[in-house]
Number of protein chains: 2
Amino acid sequence: MPDPLYRRIAQDLRQKIDSGELGHGDQLPTELELREHYEASRNTVRDAVKWLITRGLVETRPGQGTFVVEKIDPFITTLTAELETGLGGEDTAYVSEVAARQRRPTVSAPRIEILRASEVIASELRLDAGSTIVSRGQQRYIDDTPWSLQITFYPMRLVEQGAVRLIQAQDMPAGTVRYLEEVLGIRQVGCRDKITVRAPDANETTFFKLPDDGRVAVFEIFQTGFDEQGTPIRLTVSVYPADRNQFAVDIGRVPDLGPVPAFG
Amino acid sequence: MPDPLYRRIAQDLRQKIDSGELGHGDQLPTELELREHYEASRNTVRDAVKWLITRGLVETRPGQGTFVVEKIDPFITTLTAELETGLGGEDTAYVSEVAARQRRPTVSAPRIEILRASEVIASELRLDAGSTIVSRGQQRYIDDTPWSLQITFYPMRLVEQGAVRLIQAQDMPAGTVRYLEEVLGIRQVGCRDKITVRAPDANETTFFKLPDDGRVAVFEIFQTGFDEQGTPIRLTVSVYPADRNQFAVDIGRVPDLGPVPAFG
DNA sequence: CCGTATTTGTTCGTATGTATT
DNA sequence: CAATACATACGAACAAATACG
């Protein structure tokens, strides 16, 4: 049994893209032209194009046509660079690569909320579900384009012990981690990142201006920070669009790579 | 102007999923029922379901119905655990979490090829494009289910210098890294992982038995190993399905977490 | 600025095929 | 075998966005 017609059309077009016959940014034939070329109905060629869209290969622009998606030069964020060079905005500060590219990162004022820990958050912070926690949410930009959404959760006990600036809606340029050390003597001696990928929610689609055809996923990074006793002191959840971000992890001795060329 | 009908239907269904009214594995109303409920044509309710499919929220099974996708308990791979505990199969050996779950990881015999470096590979290995390289490709399984596709590229000079087993189609349980040290005295003192996400190609879709609706992306991890001089000695490209894998990075002192509960 | 042509988006209808129960 | 449910494929009409003279 042969593949259905719309798939054969899609695969033929995909082959043209993979082989380079159709390059990044090139326009595909219009629906009318595809219809004539493949002798199929309009709905069928549209199904073929949709198949390519969901795989992130092409995009459609109403009134213009269908185009092979441009390859985006990704931002590279080095997860392991952080303990040594914890600079920049508050919490996780991944600015080295951004700075190297002469870009200007900015951070919104944090949005503070006091709420009860969901099961997931409680588990990461080793609290009981429903415990009171503080959240500090921020939006990060590079050259005024949205780059990441970030929210950090702290156990309420830290505020009760005196870290009152955690519940003030002011950015802490030196970082909340340093603030906790200064005020409470709590030192973050390690942290653990967990990286997953999922579809963006409505908020994220709007904030990142993602195409609404659903072809772009987001990275979600859970970072838990620990003090000297191994107790979790914060959980930072960061979300990045997957089409323009890349994460690097250095282990052992790695040569300085300078401005790293993109791959893919 | 309101959203088109199929989107309003999709968002209504999504809300039912997000709120938990429809839980993982639950069946959605059939197309006929949706058609009556929303007073729309069959093609329109199908468009709504397609919108949910591309976002990874539901899946359809011919002859059965449409179902909310099951949440998969992910495999957790710790990228930073490797230099210390470099055990298991050859090259990158991320077996700790797998073992902790009483799973049995297996590896296929490597498929050896001798070829010329593409621009991307040459750039990572700091060779000239077109240089001769050796590739060793392997398929990794957990309990006989496909887990990752992996291919490692070595500069041909390593073989010429005496590491002839690189071009033999036999697994090296102790690892090629250790072999290079024993034979040539080349020690890998560090490596760098770069993590991206992309749509799977046809091979990967088949090997991982991914649904052909395109809702599952794959992680692609480029890992470059360096010797004491900072020269790249290998490039390992690993591919994992994004719906059942998660990556962890430990920095500094992190408490032993035991069998880590999944999140998300 | 306006009107027209082009191109994709939405919505319906209909018929037939395939997979599962 | 029949009933149910999704998959494929065609046709048609109108809407909306864009480009161009």
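The paragraphs below set out a description of the structure included in this document. Residue numbers here run from 1 along each chain, matching the order of that chain's written sequence. For this description, chains carry letters from A and ligands carry numbers from 1, given in the order in which they are written. Per-residue local features of the predicted model are confined to residues with pLDDT of at least 70, and side-chain atom pairs are confined, for both listing and counting, to 80 or more; whole-chain, interface and lining totals are unaffected and use all residues. The basis for every side-chain value is the complete set of non-hydrogen atoms in the structure, without hydrogens or water.

1. Topic: the protein's contact with DNA strand C
Part 1 of the reasoning: Around DNA strand C sit 24 residues, and of these A:Arg42, A:Thr60, B:Leu5, B:Asn43 and B:Thr44 come closest.
Part 2 of the reasoning: When atoms of DNA strand C within 4 Å of the protein are split into backbone and base, the sugar-phosphate part holds 63%.
Part 3 of the reasoning: The side chain of A:Arg46 places a nitrogen or oxygen atom 3.0 Å from a phosphate oxygen of DNA strand C.
Part 4 of the reasoning: Counted as a polar contact is a pair of N or O atoms within 3.5 Å, where, for protein atoms, one must be capable of donating a hydrogen and the other of accepting one, and residues adjacent in sequence contribute only when both atoms are in side chains. Between DNA strand C and the protein, one listed contact pairs a phosphate oxygen with a backbone N or O atom of B:Ser41 at 3.1 Å.
Part 5 of the reasoning: Mapped by element, the contributors of at least two residues to the surface near DNA strand C are α3 (42-54), β1 (58-61) and β2 (65-68) of chain A together with α1 (5-18) and α3 (42-54) of chain B.
Part 6 of the reasoning: Each helix is a run of H or I in the DSSP string that is no shorter than four residues. Each strand is a run of E no shorter than two, and both are numbered from the N terminus. With four residues, α3(B) is the largest single contributor of residues to the surface near DNA strand C. Nearness of a residue to a molecule or strand requires only that one of the residue's heavy atoms be within 4 Å of it.

2. Some details on the relation of the copies chain B and chain A
Part 1 of the reasoning: Superposition of the copies used a least-squares fit over C-alpha atoms from residues whose pLDDT is at least 70 in both. If you rotate chain B by 180° and push it 0.0 Å along the axis, it lands on chain A with an RMSD of 0.1 Å. Such a combination of turn and shift is consistent with a two-fold rotation axis. Within chain B, the C-alpha atom positioned nearest to the axis of rotation is that of B:Thr54, 3.1 Å from it.
Part 2 of the reasoning: Contacts: residue pairs with any heavy atoms within 4.5 Å of one another. When the interface residues of chain B are mapped onto chain A, 100% of them are again interface residues, pointing to one common binding face.

3. Points about the nonpolar core
Part 1 of the reasoning: One finds A:Ile195, A:Phe219, B:Ile195 and B:Phe219 to be the most contacted residues of the largest nonpolar core, which totals 30 residues.
Part 2 of the reasoning: Taken together, the elements giving at least two residues each to this core come down to β8 (188-198), β9 (218-227) and β11 (245-252) of chain A together with β8 (190-198), β9 (218-226) and β11 (245-252) of chain B. By convention a nonpolar core is built from buried Ala, Val, Leu, Ile, Met, Phe, Trp, Tyr and Cys residues, the set being connected through side-chain atoms within 4.5 Å. Three exposure classes are used, based on accessible area relative to the maximum for each residue type with a 1.4 Å probe and protein chains only: buried under 20%, partly exposed in between, and exposed over 50%.

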